[in-house]
Amino acid sequence: MSTHLQVSQSDRHRTPLMSVAGYVAMTIVVLIIAVPLFWIVITSFKERQDIYVRPAQYWPSPATTDNYRDTVTSIPFPAYFRNSLIITALLAAAKITLGVLSAYALSLLRFPGRNLIFLVVIAALMVPNQITVISNYALIAQLGWRNTFQGIVIPLAGVAFGTFLMRNQFLSLPHEIIEAARLDGRRPDEAAVAGGHADVLADPRGVLAHHRRQQEERNTSGRSS
Amino acid sequence: MQPAAEVVTGVRSGPPPPVGPPPRRSGTDRREWLLAAALLLPNLALLTLFVYRPLIDNFRLSFTDYNISSPNGATPVGAANYVEWLGREDTRIILRNTLVFTFATVIISMVLGLALALLLDQKLRGRNVVRSLVFAPFVVSGAAIGVAFQFVFDPSFGLIRDLLARVGAQTPDFFQDSGWALFMVTTTYIWKNLGYTFVIYLAALQGRRIDLDEAAEIDGASPWTHFRKVLLPQLRPTTFFLSITVLLNSVQVFDLIYAQTRGGPVGTGTTTLVFQVYQETFVNMRAGYGATVATIMFLILLTITFVQVRVMDRGLGA
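Starting from 1, residues in each chain are numbered consecutively following that chain's sequence as written. By the order in which they are written, chains take letters starting at A while ligands take numbers starting at 1. Where local features are concerned, this predicted model is filtered to residues with pLDDT of at least 70; where side-chain atom pairs are given and counted, the filter is 80 or more; whole-chain, interface and lining totals use all residues. Note that the side-chain values use all heavy atoms of the structure and ignore hydrogens as well as water.

**Remarks on the overall build of chain B**
Secondary structure elements are defined from DSSP: runs of H or I of at least 4 residues count as helices, runs of E of at least 2 residues count as strands, and each element is numbered from the N terminus. Of regular secondary structure, chain B possesses 14 helices and 0 strands. From first element to last, N terminus to C terminus, chain B shows the α and β order α-α-α-α-α-α-α-α-α-α-α-α-α-α. Relative accessibility decides the category of a residue: with a 1.4 Å probe and only protein chains considered, values under 20% of the type maximum give buried, values over 50% give exposed, and everything between is partly exposed. Here chain B, with 318 residues, has 52% of them falling under the buried criterion. In chain B, the proportion of contacts linking residues at least 24 apart, taken out of those at least 6 apart, comes to 70%. Throughout, a contact is declared for two residues whenever any of their heavy atoms are within 4.5 Å.

In structure tokens, the structure reads:
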């Protein structure tokens, strides 16, 4: 998607007034997003009694890193961090693989019942974790997977959102190339790669990764409490 | 090639158009069918085992008095849980909270996301930094944002109190007043998730057809006409995709509410359906009733999504 670098044509005819309005709007956006973030970071460097004062302190004095030291020492932070890394890496690998494979089948291959299977995958988006957690916990316990990584990763490895996103990505590939390849007796994936579209296949993974993280967090917070 | 708007978001509602000519009967087709089965089976097996099996299980449990801490198992109680749900006082409040939260977050984050995408699509200096900044809160976990925003909303010592005091205004009690607590949760959620609608809309805008922009310019269309008649129709598949995914995500929000209010104040001040499922199942130890609420919620979501597909699908045909 090289269009990112293209300048909209309407920019050529922008008046200075519109330009100023654009910068004013952008400044407001920056303030709304950045000020709370700044406040949170600043608070983390304050001593406890300086957090609850009036008028509020916009700069920590004295600044302290005690909160950070406590975070690392009062809980087994390295172990938690390692667990997060392992779970994230495993799930990311599983979800990207399964999502790409499913989306490929649902968009570029032709077989009976394709639309029905697509709908079955999508409907999984409507089932919240709070519904699945009890029954999955029971199953995991039966399998003897309590307190294991596979007990967390495997129930979460099915991909609905990623399949949805990747399928639409694949559907946008130029059909002519794929059809030409079919006539040559090649598979659609070979055509996509040969046509220089391999990069397009991978584009929306950023959004996918964030969504996956959200789901994990939603699930683990529901489970641990 | 199709417009790239569809690349990222392009949900064509309903059945997707077939790619290429209809299937022929031949050896190639059978091989293709086998390949498709091999590619789909792992994912379908996981979804069946860990999403659809629990969903059916949940439906079964909604007709029992199941309690997760009791070893005795569940006794069937017929439709008693459903009757209780219909008659209970908190049902109406929780439905209203869910409705307010969901519609506010869906509409506001979609409108603001589109506005931001239009703004940061302009050639402005520093727009790349601002784009990253807008997306940043989306990357942080809801639980962390929920905890951290207590320092922003704290009615005695928070950032908002300080800013309002400077202009001589009274700070509402975000922690004790139900209405303001719901306002706090909703605003925080929109602030955190604006980056999602923004990025998807921006990608769609960047994939739009420049020749249509030029045509509108030649015709002397005003910016508003240009937006309404040229841009919005091209963004329609994106709007459809977002309206479904943002709605499903909003309805299912849990971590933010848990971290900010625990569903309170005064018991059900910011409790939504998903939070009630958690509360009944794990706090009140009434998993049967929790399963009932979950089932009702699933049916509501199914209905809304079905209506969305039908309504927006008709529009897409035009």
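**Notes on the nonpolar core**
The nonpolar side chains of soluble globular proteins are, as a tendency, buried together. Here, nonpolar core refers to any group of buried Ala, Val, Leu, Ile, Met, Phe, Trp, Tyr and Cys residues whose side-chain atoms link them within 4.5 Å. With 100 residues, the main nonpolar core has Val-134, Tyr-196, Phe-241 and Leu-242 of chain B as its most contacted residues. Domain borders in the structure are assigned automatically or taken from a domain database. Each of two domains, domain 1 (9-72) and domain 2 (76-224) of chain A, supplies a minimum of three residues to this core. The next biggest cluster of nonpolar side chains, apart from the first, holds 11 residues, and it includes Leu-91, Leu-156 and Ala-157 of chain A together with Phe-50 of chain B.

**Topic: the packing of aromatic side chains**
Geometry of an aromatic ring pair is reported as the spacing of the ring centres plus the angle between the planes. Each aromatic pair joins two rings of Phe, Tyr and Trp (for Trp, the six-membered one) with centres within 6.5 Å, and gets the label stacked for planes under 30 degrees apart, edge-to-face for over 60, and tilted for any other angle. Using the criterion set out here, one finds 26 aromatic pairs over all chains in the structure. On the basis of an interplanar angle of 65° and a centroid distance of 6.1 Å, the ring pair of Phe-118 of chain A and Phe-164 of chain A is categorised as edge-to-face. One end of the pair, Phe-118 of chain A, is in helix 5 (residues 114-123); the other, Phe-164 of chain A, is in helix 8 (residues 161-171), with 46 residues separating them in the sequence. When sorted by exposure, Phe-118 of chain A lands in the same class as Phe-164 of chain A, which is buried. Seen from the ring of Trp-39 of chain A, Lys-46 of chain A lies directly overhead, with NZ or CZ sitting 4.4 Å from the centre. Two conditions define a charge located above a ring, namely a distance within 6 Å from the ring centre to NZ of Lys or CZ of Arg, and an angle within 35 degrees of the ring normal. The residue whose ring lies beneath Arg-262 of chain B is Tyr-258 of chain B, and the NZ or CZ to ring-centre distance is 4.1 Å.

**Quick look at helix 11 (residues 223-251) of chain B**
The end-to-end C-alpha distance of helix 11 of chain B, which contains 29 residues, comes to just 35 Å, noticeably less than the 42 Å that a straight helix rising 1.5 Å per residue would cover. The bend reported for a residue corresponds to the angle between axes fitted to the seven residues ending at that residue and the seven starting there. At Arg-236 of chain B, helix 11 of chain B shows its maximal kink, close to 50°; a proline, Pro-237 of chain B, follows between one and four residues later. Multiply 1.5 Å by the residue count of a helix minus one, and that product is the helix's expected span.

**Some points on the confidence of the model for chain B**
Residue and element names in this part refer to chain B. Residue-level confidence of the predictor is summarised by pLDDT, bounded by 0 at the bottom and 100 at the top. Overall, the prediction assigns chain B a mean pLDDT of 83, with 89% of residues at 70 or greater. By mean pLDDT, helix 1 (residues 5-9) is the weakest element of chain B at 41, and helix 4 (residues 89-121) is the strongest at 93. Across residues 1-16, confidence stays below pLDDT 50; counting only partners more than four residues off in sequence or on other chains, it has 47 contacts. Per-residue pLDDT stays below 50 along residues 314-318; that stretch engages in 3 contacts with residues further than four places along the chain or on separate chains.

**Things to note about the packing of helix 6 (residues 129-142) of chain A against helix 13 (residues 273-283) of chain B**
Between two packed helices, the angle of one axis relative to the other and the distance separating the axes together describe the packing. The interhelical angle for the contact between helix 6 of chain A and helix 13 of chain B, taken along N-to-C directions, is 30°, at an axis separation of 9 Å. Comparing the axis directions of helix 6 of chain A and helix 13 of chain B gives the class roughly parallel. Here Gln-130, Val-133 and Ile-134 of chain A of helix 6 of chain A come into contact with helix 13 of chain B, specifically with Val-274, Val-277, Tyr-278, Thr-281 and Phe-282 of chain B. Amino acids outside the nonpolar list (Ala, Val, Leu, Ile, Met, Phe, Trp, Tyr, Cys, Pro) and the charged list (Asp, Glu, Lys, Arg) are all regarded as polar, and Gly is one of them. A per-class count over the contact of helix 6 of chain A with helix 13 of chain B returns 6 nonpolar, 2 polar and no charged. Under this scheme, a helix contributes an axis fitted over its contacting stretch, all axes are lines through C-alpha atoms, and angles between N-to-C directions fall in the 0 to 180 degree range. What sets the label is the angle itself: under 35 degrees gives roughly parallel, over 145 gives roughly antiparallel, 65 to 115 gives roughly perpendicular, and the rest give oblique.

**Topic: the side chain of Ser-250 of chain B**
Tracing the backbone through its elements, the reader meets Ser-250 of chain B in helix 11. When sequence neighbours within four positions are dropped, the list of residues in contact with Ser-250 of chain B reads Phe-101, Thr-102, Thr-105, Val-106 and Tyr-189 of chain B.

**What to know about the confidence of the model for chain A**
Residues and elements named next belong to chain A. With 72% of its residues at a pLDDT of 70 or more, chain A has an overall mean of 77. In the model, residues 195-211 has pLDDT below 50 throughout and makes 32 contacts with residues more than four positions away in sequence or in other chains. Low pLDDT (under 50) marks residues 221-225, which in the prediction has 9 contacts with non-local residues, meaning those over four places away or in another chain.

**Let's talk about the packing of helix 4 (residues 77-108) of chain A against helix 8 of chain A**
Residue and element names in this part refer to chain A. Running from N to C, helix 4 and helix 8 cross one another at 45°; their axes reach a closest spacing of 8 Å. By the criterion of interaxial angle, the relationship of helix 4 to helix 8 is oblique. Helix-helix and strand crossings are classified by hand; for helix 4 and helix 8 the assignment is right-handed. Contacts between helix 4 and helix 8 involve Gly-99, Val-100, Ser-102, Ala-103, Tyr-104, Leu-106, Ser-107 and Leu-108 from the former and Thr-163, Met-166, Arg-167, Phe-170 and Leu-171 from the latter. Tallied by class, residues from the contact of helix 4 with helix 8 come to 8 nonpolar, 4 polar and 1 charged. Should the near helix be turned anticlockwise from the far one by less than a right angle, the crossing is left-handed, and should it be turned clockwise, the crossing is right-handed.

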